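Overview (structure and organization)
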Amino acid sequence: MQLLLTTEKLMSTNTKIKQKPEASLNRKVRKLKNNPKLFIADSKVYTNTRQTLLTTWTKLGSFALVLLASVLIIAYYMVVASPRFVSESQFVVKEAGSSDMVLGGLAALGGSSPSMRDALILKAFIESREMAILLDKKVQLKAHYENENWDFFSRLKSNSSNEEYIKYYQEHVSVYHDEMSDALKIEVQTFNPEYSLQVTQTLLEASEAFINQLSDKMVQQQLSYAQQEVERAYAKMSEQQSLLIEFQDTHETFSPEVKGGALVQAINQLEGEIIKQEAELKALSVVMREDSVDVLSKQTQIDSLKAQVAQEQEKLTSKDQGSLNKVNREFKELQLKNELAAELYTSTLVNLEKVRAEAYQDVKHLLVIEFPALAEDQKYPRRLYSIFTWFLVLLLTYAVGKMVFTIIKEHKE
């Protein structure tokens, strides 16, 4: 009988024990529903965490914030930060006929070789808006940088503006210029090694196309100007030749100078004949009377010859604009202009051939020194370096803040 009573007491105790946890669990559930803040505040986890933080704050003071920030930074760089892979390439811009010389002394302070200027121009193009937009069109670079698979702090924010994309592009595509060799080195950062290689190859092709276009444009401009000068000189020469032919047709003479020479010769012959006839007249006057037929006939011949000489001389020189000397002067002027136009045309032809010969020397080539390769390891972020740098920044910030706070506190007291 006593054993039976003992067994019933044990069973009753066990039932109460089972009911107590169940009642406690129900009470906690009701508290969570009615007042979640109170439920969290009464929990042991919250109480222990709060006590730990208070203890830490009491011991470390505000330096605990530095440690907390350091822990967050370590967690970000070691766990969250997305790896970035780099593809590199080196190249140099050279002219076919380049003969660059190293400048010495004071000339080196302000001088620059053609290769250096070309390298700096190409560097500016790679870093420009045009290159960023071109890469986005060809390989969708902006979409890659905005991909949500990368961590929030490393990627480009979604639906970013062109200005934000270009700034991000310039931060992740670096161009370095070596002043000694005039070589350019590009470094392309993306979140995928194969994609980095693709972007670098595309950038290299675009750079080569830009250099070729720049070179062709300069050569074509020089050739176009030289060709225009040749056409202008030819038109001028043709115009002068037409004026000269028109002048010859108008005055019905091929060369007024030749005609004038013939006229002078004729006058000389006439004057010689006059002298001869006058001599004969004197001889006749000795033996004949002045009114004789022979004397009068001879005098008539002499007068005719003199009239002919006067007429021919008037053709040669007179105040009339149609006189041969004035015609010859105009002819000489037209002839001189025609010769000058012909010489100018010949000179422009020679210059055109010279420009064509020099055009090859001005052609620019992109010579690749190091071709882009597939990256096997990530290069960024440099985790340990970044963590150490941030820790130093936090320490310096904390030290400065602590010093400022101490100074202000002392002044208040």
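So, here is what we can say about the structure in this document. (Residues numbered from 1 in each chain as written. Predicted model: local features only at pLDDT ≥ 70, side-chain atom pairs only at ≥ 80, totals over all residues. Heavy atoms only, no water.)

1. Focus on the overall build of the protein
The helix and strand inventory of the protein stands at 14 helices and four strands. In the protein, buried positions account for 30% of the 413 residues. Within the protein, contacts between residues separated by at least 24 positions form 74% of all contacts whose residues are at least 6 apart in sequence. With the model as given, the accessible surface of the protein reaches about 28,200 Å², and the carbon-plus-sulfur share is 59%. (Helix = DSSP H or I, 4+ residues; strand = E, 2+ residues; numbered from the N terminus. Buried < 20%, exposed > 50% of the residue type's maximum accessible area, 1.4 Å probe, protein only. Contact = heavy atoms within 4.5 Å. Areas by Shrake-Rupley, 256 points an atom, 1.4 Å probe, with all protein chains shown as cover.)

2. Here we look at the pattern of salt bridges
Oppositely charged side chains may form a pair once their charged atoms are brought near each other. Scanning the entire structure with this criterion turns up seven salt bridges. A salt bridge links Glu88 to Lys185, with the nearest nitrogen and oxygen atoms 3.7 Å apart. Linking Glu88 in strand β1 (residues 85-95) with Lys185 in strand β3 (residues 183-190), this pair joins segments that are 97 residues apart in sequence. The class for Lys185 is partly exposed, based on a relative accessible area of 28%. Beyond isolated ion pairs, a larger network of salt bridges with shared partners links Glu88, Lys185, Glu187 and Lys379. (Salt bridge = Lys/Arg side-chain N within 4 Å of Asp/Glu carboxyl O.)

3. A closer look at the side chain of Ser174
Within the secondary structure, Ser174 sits in strand β2 (residues 173-178). Excluding anything up to four places from it in sequence, Ser174 contacts Lys185, Ile186 and Glu187.

4. A look at the nonpolar core
Generally speaking, nonpolar side chains in soluble globular proteins are found buried as a group. Core analysis: the biggest nonpolar cluster contains 32 residues, and Leu122, Ile126, Leu141 and Tyr169 have the highest contact counts within it. At the level of elements, β1, α6 (114-126), α7 (129-139), α8 (141-145), α9 (162-172), β2, β3 and α10 (193-251) are the ones that each hand at least two residues to this core. Sorting elements by how many residues they give to this core places α10 first, with seven residues. Those residues in contact with Ile126 that sit more than four places away from it in its chain are Phe91, Met131, Tyr169, Val175, Ile186, Leu203 and Ser207. Ala226, Met237, Tyr345 and Leu352 belong to the second-largest nonpolar core, a separate cluster that totals 11 residues. (Core = buried A, V, L, I, M, F, W, Y, C linked by side-chain atoms within 4.5 Å.)

5. Details of unusual backbone geometry
Cis rather than trans, the peptide bond between Tyr380 and Pro381 has omega equal to -5°. By the element assignment, Pro381 lies in the loop between β4 (364-370) and α14 (383-412). Phi at Asn159 is positive, roughly 55°, even though this residue is not glycine. Locating Asn159 in the fold gives a position in the loop between α8 and α9. Of the residues examined, Asn159 reaches a relative accessible area of 75% and is grouped as exposed.

6. Concerning the sheet that holds β2
Read across the sheet, four strands follow the order β2-β3-β1-β4 without closing on themselves; strand pairing throughout is antiparallel. The strands lining the two open edges of the sheet, one partner per strand, are β2 and β4. If you compare each strand with its neighbour and ignore which way they point, the axes differ by 25° on average. When β1 meets β3, the two strands line up antiparallel, connected through eight bridges. Paired with Glu88 across the two strands is Glu187, which belongs to β3. In the packing of α6 onto the sheet, contacts are made with β1, β2, β3 and β4, and the angle to β1 comes to roughly 145°. Taken strand by strand, α9 contacts β2 and β3, and its axis lies near 50° from that of β2. (Pairing = 2+ DSSP bridges. Axes fitted to C-alpha atoms, helices over the stretch in contact; angles between N-to-C directions.)

7. Points about a nonpolar patch on the surface
A grouping of Ile74, Met78, Val79, Val80 and Leu384 is seen on the molecular surface, where their side chains present a nonpolar patch of about 520 Å² in accessible area. A per-element tally of the nonpolar patch places helix α4 (residues 63-80) first, with four residues. With respect to the helices and strands, Met78 occurs in helix α4. (Patch = residues over 30% accessible without salt bridge, like charges linked within 9 Å, V, L, I, M, F, W, Y side chains within 5 Å.)

8. Some thoughts on the packing of α7 against α9
Between α7 and α9, whose axes approach to 10 Å, the crossing angle comes to 100°. It follows from the interaxial angle that α7 and α9 lie roughly perpendicular. Here Arg129, Met131, Ala132, Ile133, Leu135 and Asp136 of α7 come into contact with α9, specifically with Asn162, Glu163, Tyr165, Ile166 and Tyr169. Each residue belonging to the contact of α7 with α9 can be placed in one class, and the counts come to seven nonpolar, one polar and three charged. (Parallel < 35°, antiparallel > 145°, perpendicular 65-115°, else oblique. Nonpolar A, V, L, I, M, F, W, Y, C, P; charged D, E, K, R; others polar.)

9. Description of α7
All buried positions along α7 are accounted for by Met131, Ala132, Leu135 and Val139. Across the axial projection of α7, the buried residues extend over an arc of 100°, all falling on one side. In α7, the exposed residues that point more than 90 degrees away from the buried face are Glu130 and Lys137. One or two residues past the end of α7 sits Gln140, with phi positive at roughly 55°. (Arc of directions from axis to C-beta.)

10. Describing the packing of aromatic side chains
The final tally for this structure, using the stated rule, is eight aromatic pairs. Ring centres of Tyr145 and Tyr168 lie 4.7 Å apart, and the angle between their planes is 65°; this geometry places the pair in the edge-to-face category. One end of the pair, Tyr145, is in helix α8; the other, Tyr168, is in helix α9, and 23 residues separate them in sequence. Taking the centre distance of 5.4 Å and the plane angle of 50° together, the rings of Tyr234 and Tyr345 count as tilted. Here the residue Tyr234 occupies a position in helix α10, and Tyr345 occupies one in helix α13 (residues 324-362), the gap between them amounting to 111 residues. Clustering of aromatic rings is evident, with ring pairs tying together Tyr76, Tyr77, Phe152 and Phe153. For Arg382, the ring lying beneath its charged end belongs to Tyr385, and the centroid distance is 4.6 Å. (Phe/Tyr/Trp six-rings, centres within 6.5 Å; stacked < 30°, edge-to-face > 60°. Lys NZ or Arg CZ within 6 Å of the ring centre and 35° of its normal.)

11. Things to note about the pairing of β3
Along β3, seven of the eight residues are buried, which leaves the element largely enclosed by surrounding structure. Of the pairings in the sheet, the one linking β2 to β3 comprises six bridges and is antiparallel in character. Directly across from Val173, in β3, lies its bridge partner Val188. In textbook terms, the turn of a hairpin is the stretch between consecutive antiparallel strands, and for β2 and β3 this stretch comprises four residues, one of which, Asp182, has a positive phi near 60°.

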